[in-house]
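A structural walkthrough
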Amino acid sequence: MPVLSLIIPCFNEESSLPILIDALKNVKFKFIEKIDLEIIIIDDGSRDLTANVALKLAKANKDLAKWKILELSRNFGKEAALIAGLDHCKGDACIFLDADLQDPPELIPNLVQKWLSEGAEVVNTVRRTRAGDGWLKNLSSFLFYRIFKKISRLDVRLDSSDYRLLDKTVIKAICSCREQVRFSKGFVAWAGFNQISIEYARPPRISGKSAWSLWKLWNYALDGIFSFSTIPLRIWTYIGLSMATISFAYAICITVTALLGGINVPGYASIVAIISFLGGIQLMGIGIIGEYIGRIFIESKKRPIYVIRNLLITEGSCNNEYG
């Protein structure tokens, strides 16, 4: 039988995990004769008892699935937790699943059906509605995906979430990319393969508070843009060329005016405004270049993406792994 791996990254989800596992029990019965289940829980440096709760759930539900619990040495971020899950995934396919139940487990049979029956190697889920998110977050998400698709030239599924199924061929392709600065949606689009999408209404969190503030989402968006596109550099090249052309034309105009009508002392206000504007443009350009140089600096160190303090599985355990 094919094996399906559920990859569940967790950060302070001790109250959500038991509810999620109870929900998975109901889903499991719908296709228990067709597929084996592997559950991989990644504790991304939680400050609560997430790892202990996960271990208790694994011991109490050995008949549900084969279990792996990865306890990272600190909080490396969701993207690092996802690649850690992929590195330890042994399934023929995997599904990313948030512990807060905003990714409805009842959709799992639909994802599996698209994979088994229709030959899809990537099954994306597209959020039709996003309960609990404010208008600013919805608007920024709407704009970001469309801008990213335009400048990256990748076939990114608009308004998709991390809740998706990946075939083992796609898993292998993504695991071959060992960048420190990661953007999972970009990697999935870059890998290609046969992708289809299904829509769903995203429910609100069942408990707790999202760790993704608008500032973190902004930085995450910049990571995606700078990791998969050089368009920002090209834009500033065009801006510099345009400013040089305007300045050259203005210099010619001043020269002709001085030759025909004599020298006229201009006002200082306009000079200060122009100098300040050009200074701001230059600093922004330097900032764009700095973003790329900073990423080159980070990647050149070739440090592991994550460090595992403890890896617990239903058959045994081992300590201190690097990825």
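Further up the page is the structure itself.
Observations regarding helix H8 (residues 214-228)
Here H8 spans 21 Å end to end across 15 residues, near enough to the 21 Å set by a 1.5 Å rise per residue. Listing the buried residues of H8 in full gives Tyr220, Ala221, Leu222, Gly224, Ile225, Phe226 and Phe228.

Re helix H4 (residues 108-118)
Those residues of H4 that sit buried are Ile108, Leu111, Val112 and Trp115. For H4, the arc enclosing every buried residue in end-on projection is 95°, short of the 170-degree limit, so these residues lie on one face. Positive phi appears at Gly119, one or two residues downstream of H4, with a value of about 70°.

Examining a nonpolar patch on the surface
On the surface, Leu139, Phe142, Leu143 and Ile147 cluster together into a nonpolar patch covering about 350 Å² of accessible area. If you trace the backbone, Phe142 turns up in helix H5 (residues 135-152). Overall, Phe142 belongs to the partly exposed group, its relative accessible area being 39%.

A look at the side chain of Asn61
With respect to the helices, strands and loops of the structure, Asn61 is situated in the loop between helix H2 (50-60) and strand S3 (66-72). Excluding residues within four positions of it along the chain, Asn61 makes contact with Ile21, Lys25 and Trp67.

So, the pairing of strand S4 (residues 93-96)
Every second residue of S4 is oriented toward a common face, with Ala93 and Ile95 on one face and Cys94 and Phe96 on the other, all of them buried. Relative to S4, strand S1 (residues 3-10) is paired through 4 bridges, and the arrangement is parallel. Residue pairing in the sheet places Leu4 in a bridge with Ala93 of S4. Sheet topology places S4 next to strand S6 (residues 160-167); 3 bridges connect them, and they run antiparallel. Along S6, the bridge assignment pairs Cys94 with Leu166.

Description of the pattern of salt bridges
Here the structure, examined in full by the defined rule, presents 10 salt bridges. Measuring nitrogen to oxygen at the nearest pair gives 3.2 Å for the salt bridge that ties Arg309 to Glu71. Pair noted here: Arg309 is in strand S8 (residues 307-313) and Glu71 is in strand S3, with a separation of 238 residues, a long-range link. Judged by relative accessible area, Glu71 falls into the buried class, the value being 18%. The closest approach of N and O atoms between Glu291 and Arg295, which form a salt bridge, is 2.6 Å. Within this pair, Glu291 and its partner Arg295 are both found in helix H10 (residues 268-301), separated by 4 residues, close to a single helical turn. Taking the relative accessible area as the measure of exposure, Glu291 reaches 28% and is therefore partly exposed. Classification of Arg295 by relative accessible area gives buried; the value is 13%. Here the residues in one salt-bridge network are Lys78, Asp98, Asp162, Arg164 and Lys185, joined through shared partners.

Describing the packing of helix H6 (residues 168-175) against helix H7 (residues 184-191)
Running from amino to carboxyl end, H6 crosses H7 at an angle of 115°, the nearest separation of the two axes being 10 Å. The interaxial crossing formed by H6 with H7 has right-handed handedness. Counted together, Val170, Ala173 and Ile174 of H6 and Phe187, Val188, Trp190 and Ala191 of H7 form the full contact between these two elements. Here the residues of the contact of H6 with H7 are counted per class, giving 7 nonpolar, no polar and no charged.

Overview of the nonpolar core
Counting 42 residues, the largest nonpolar core has Ile7, Leu86, Cys94, Leu166, Ile174 and Tyr306 as its most contacted members. Considering every element that reaches this core, the biggest residue donor is helix H3 (residues 78-87), with 6 residues. For Ile7, the residues in contact, after removing those within four places along its chain, are Ile40, Ile42, Gly85, Leu86, Cys89, Cys94, Ile95, Phe96 and Leu97. Cys10, Leu24, Ala99 and Leu107 belong to the second-largest nonpolar core, a separate cluster that totals 37 residues.

Brief notes about unusual backbone geometry
Positioned with a positive phi, Leu101 is a non-glycine residue whose angle comes to about 65°. Residue placement: Leu101 occurs in the loop between S4 and H4. Residue Leu101 is classed as buried on the basis of its relative accessible area, which comes to 17%. The backbone of Phe193 shows a phi angle near 70°, a positive value even though the residue is not glycine. Of note, Phe193 is situated in the loop between H7 and strand S7 (195-202).

About the thresholds
Along every chain, residues carry numbers that run from 1 in the direction the sequence is written. It should be noted that, the model being predicted, local features are given only for residues of pLDDT at least 70 and side-chain atom pairs only at 80 or more, the latter also being counted only at that level, while totals for whole chains, interfaces and linings use all residues. The side-chain values count all of the structure's non-hydrogen atoms but skip hydrogen atoms and water molecules. Starting at the N terminus, helices and strands are each numbered in turn, a helix being any DSSP run of H or I of at least four residues and a strand any DSSP run of E of at least two. Between the first and last residue of a helix there are one fewer steps than residues, each counted as 1.5 Å, and that sum is the expected span. Throughout, exposure labels follow a simple rule: accessible area from a 1.4 Å probe, protein chains only, divided by the maximum for the residue type, with under 20% read as buried, over 50% as exposed, and the rest as partly exposed. As used here, the arc belongs to the directions running from the helix axis to the C-beta atoms. To count toward a patch, a residue needs a relative accessible area above 30% and no salt bridge. Like charges then connect within 9 Å, nonpolar side chains (Val, Leu, Ile, Met, Phe, Trp, Tyr) within 5 Å. Only the protein chains shown count as cover for residues, and all accessible areas are computed by the Shrake-Rupley method using a 1.4 Å probe. Whenever Lys or Arg places a side-chain nitrogen within 4 Å of a carboxyl oxygen from Asp or Glu, that contact is recorded as a salt bridge. For this analysis, residues touch if any pair of their heavy atoms sits within 4.5 Å. Strand pairing is defined by DSSP finding a minimum of two bridges between the two strands. Here, axes are lines fitted to C-alpha atoms. For helices the fit covers the stretch in contact, and angles between N-to-C directions go from 0 to 180 degrees. By convention the crossing between two helices is left-handed if the near helix lies anticlockwise of the far one by an angle smaller than a right angle, and right-handed if it lies clockwise. Put simply, Ala, Val, Leu, Ile, Met, Phe, Trp, Tyr, Cys and Pro go in the nonpolar bin, Asp, Glu, Lys and Arg in the charged bin, and everything else, Gly too, in the polar bin. Buried Ala, Val, Leu, Ile, Met, Phe, Trp, Tyr and Cys residues that are joined via side-chain atoms within 4.5 Å together make up what is termed a nonpolar core.

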